[in-house]
Amino acid sequence: MKRLLALIALCLWLTPASADDFRQGLQAYRHGHFQDAVAILKPLAQRGDPYAQFSLGVMYDDGVGLPRNLKLALMWYKKAGAHGLADAQFMAGMLYGAGRGVRQDPAAALYWFELAAAAGHPRAPLLRDQHWSQLSSPVRERIEANATAWLAEHPVQLTCKGKFCIYPKWTKGPRWTIFERDQTFD
């Protein structure tokens, strides 16, 4: 019992530091200090922070602070998406759907758009429906079953709503709320 309480206390103690670290990494990015941002965000991402993973995906996607590498961008998007971050799920769907850095795969795109749409990503339903119509009924049923099973095991989805996330230059970030446009980091 004492170990469990110690573990809970440790987790509660570490969480705010990670949030502060993430915020510092994002501030460094937004101020153009990309190497500092990588130095802060990469350890967070490696420890499983989905927002840091998403940020690294964007940096690899854009080639900002890191060499442009769409395969690594997709890897980080998928890691963040596996933690339930809808914005990362959406970006994984975008890369598969457009064939950016990977072979175009409408089935993989549909799966990631399905997860992002379930989390309420505002742009995912339209793209999900477009990919849905490109696939045969058995493939759609398999993807829907896989997405439903994943969602049942991961009932909590995350979004960048209320978070200061960065997005790749080639795509618009979703407008989760009207107020986010006016928020600044400084």
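All values derive from a computational prediction rather than experimental measurement.

S.K.: Looking at this structure, how should I read the overall build of the chain?
M.R.: Along its length, the chain carries eight helices and zero strands. Listing each helix as α and each strand as β along the chain from the N terminus yields α-α-α-α-α-α-α-α. Sequence separation of 24 or more characterises 58% of the internal contacts of the chain that already satisfy a separation of 6 or more. Total accessible area computed for the chain in this model is approximately 10,100 Å², and 57% of it derives from carbon and sulfur atoms.

S.K.: Looking at this structure, I do not really get the pattern of salt bridges. What am I missing?
M.R.: Oppositely charged side chains are able to pair whenever their charged atoms sit close together. If you walk through the whole model with that rule in mind, you get two salt bridges. We note a salt bridge from Arg-100 to Asp-61, for which the minimum N-O separation is 3.0 Å. Of the two residues, Arg-100 is situated in the loop between α5 (86-98) and α6 (106-118) and Asp-61 in helix α3 (residues 50-62); the sequence distance between them amounts to 39 residues. Between Asp-129 and Arg-128 there is a salt bridge whose closest N-O contact spans 3.1 Å.

S.K.: Please explain the side chain of Asp-62 as it appears in this structure.
M.R.: Positionally, Asp-62 belongs in helix α3. One buried charged residue, Asp-62, forms no salt bridge at all, with the nearest opposite charge on Lys-169 at 5.3 Å. In contact with Asp-62, other than residues within four places in its own chain, are Tyr-29, Arg-68, Tyr-167, Pro-168, Lys-169 and Trp-170.

S.K.: Teacher, can you tell me more about the environment of Ala-88 here?
M.R.: One can find Ala-88 in helix α5. Residues Ala-88 and Tyr-51 lie 37 residues apart in sequence; the distance between their C-alpha atoms is 8.7 Å. Those residues in contact with Ala-88 that lie beyond four places of it in its chain are Phe-54, Tyr-77, Ala-80 and Gly-81.

S.K.: I keep staring at the environment of Ala-28 and nothing clicks. Help me out?
M.R.: For Ala-28, the location among the structural elements is in helix α1 (residues 2-30). Linking Ala-28 and Val-38, residues 10 residues apart in sequence, is a C-alpha distance of 8.9 Å. With sequence-adjacent residues up to four places away left out, Ala-28 is seen in contact with His-33, Phe-34, Asp-36 and Ala-37.

S.K.: Help me understand the state of the cysteines, please; the structure alone is not making it clear to me.
M.R.: Joining two cysteines, a disulfide is a covalent bond between their sulfur atoms. In the structure shown here, the tally under the stated rule is one disulfide. Here Cys-160 connects covalently by a disulfide to Cys-165, the sulfurs 2.0 Å from one another. Judged by the sign of its S-S torsion, about -85°, the bond between Cys-160 and Cys-165 is left-handed. The exposure class assigned to Cys-160 is buried, which follows from its relative accessible area of 1%.

S.K.: I would appreciate a short explanation of the packing of helix α2 (residues 34-46) against α3 in the present structure.
M.R.: Each pair of packed helices can be summarised by the angle the axes make with each other and by the distance between the axes. The contact between α2 and α3 brings their axes to 8 Å, and the two run at 135°. Taken together, α2 and α3 sit at an angle that is classed as oblique. As α2 runs across α3, the sense of the crossing is left-handed. Note on element contacts: α3 touches α2 through Ala-52, Gln-53, Ser-55, Leu-56, Met-59 and Tyr-60, opposite Phe-34, Ala-37, Val-38, Leu-41, Lys-42, Leu-44 and Ala-45. Taken together, the residues of the contact of α2 with α3 break down into 10 nonpolar, two polar and one charged.

S.K.: Even after reading the chapter, I still don't get the side chain of Arg-140, so can you show me in this structure?
M.R.: With respect to the helices, strands and loops of the structure, Arg-140 is situated in helix α8 (residues 137-153). Notably, Arg-140 is buried but unbridged: the nearest opposite-charge side chain belongs to Glu-141, and the N-O separation is 6.7 Å. Within the local environment of Arg-140, its side chain forms a polar contact with the backbone oxygen of Leu-135, the two atoms lying 2.8 Å apart. With near-sequence residues (within four places) excluded, Arg-140 lies in contact with Leu-110, Trp-132 and Leu-135.

S.K.: Explain the nonpolar core here, please?
M.R.: Proteins that are soluble and globular tend to have nonpolar side chains buried together. If you look at the biggest cluster of nonpolar residues, it comprises 51 residues, and the most contacted ones within it are Phe-54, Met-59, Tyr-77 and Phe-90. A total of 10 residues in this core trace back to one element, the largest contributor, which is α6. Discounting chain neighbours no more than four positions away, the residues touching Phe-90 are Phe-113, Ala-116, His-121, Arg-123, Ala-124 and Leu-127.

Conventions and cut-offs
Note that residues are indexed from 1 along each chain, following the sequence as it is written. In keeping with the model being predicted, local features are shown solely for residues with a pLDDT of at least 70 and side-chain atom pairs are shown and tallied solely at 80 or more, while totals for entire chains, interfaces and linings include all residues. Side-chain metrics in this entry use all non-hydrogen atoms of the structure; hydrogen atoms and water are not considered. Counting from the N terminus, the helices are DSSP H or I runs at least four residues long and the strands are E runs at least two residues long. Two residues form a contact once any of their heavy atoms are found within 4.5 Å. With residues, only the protein chains shown are counted as cover, and all accessible areas are computed by Shrake-Rupley using a 1.4 Å probe. What counts as a salt bridge is simple: a side-chain nitrogen of Lys or Arg found within 4 Å of a carboxyl oxygen of Asp or Glu. Under the scheme applied here, a residue whose accessible area is under 20% of the maximum for its type counts as buried, over 50% as exposed, and between as partly exposed, the area being computed with a 1.4 Å probe on protein chains only. Lys and Arg are tallied as positive, Asp and Glu as negative. Neither His nor the chain termini are counted. By disulfide we mean two sulfur atoms from cysteines, separated by a distance within 2.5 Å. Note on geometry: axes are C-alpha line fits, over the in-contact stretch for helices, and angles between N-to-C directions span 0 to 180 degrees. Roughly parallel refers to an angle under 35 degrees, roughly antiparallel to one over 145, roughly perpendicular to one between 65 and 115, and oblique to any angle outside these ranges. By definition, any crossing whose near helix is turned counterclockwise from its far helix by less than a right angle is left-handed, and any crossing with a clockwise turn is right-handed. Ten residue types, Ala, Val, Leu, Ile, Met, Phe, Trp, Tyr, Cys and Pro, are classed as nonpolar, four, Asp, Glu, Lys and Arg, as charged, and the remainder, Gly among them, as polar. Whenever two N or O atoms come within 3.5 Å, that pair is a polar contact, provided that in protein one can donate a hydrogen and the other can accept it, and provided that, for residues adjacent in sequence, both atoms are side-chain atoms. Here the nonpolar core consists of buried residues drawn from Ala, Val, Leu, Ile, Met, Phe, Trp, Tyr and Cys, with membership extended through side-chain atoms lying within 4.5 Å.

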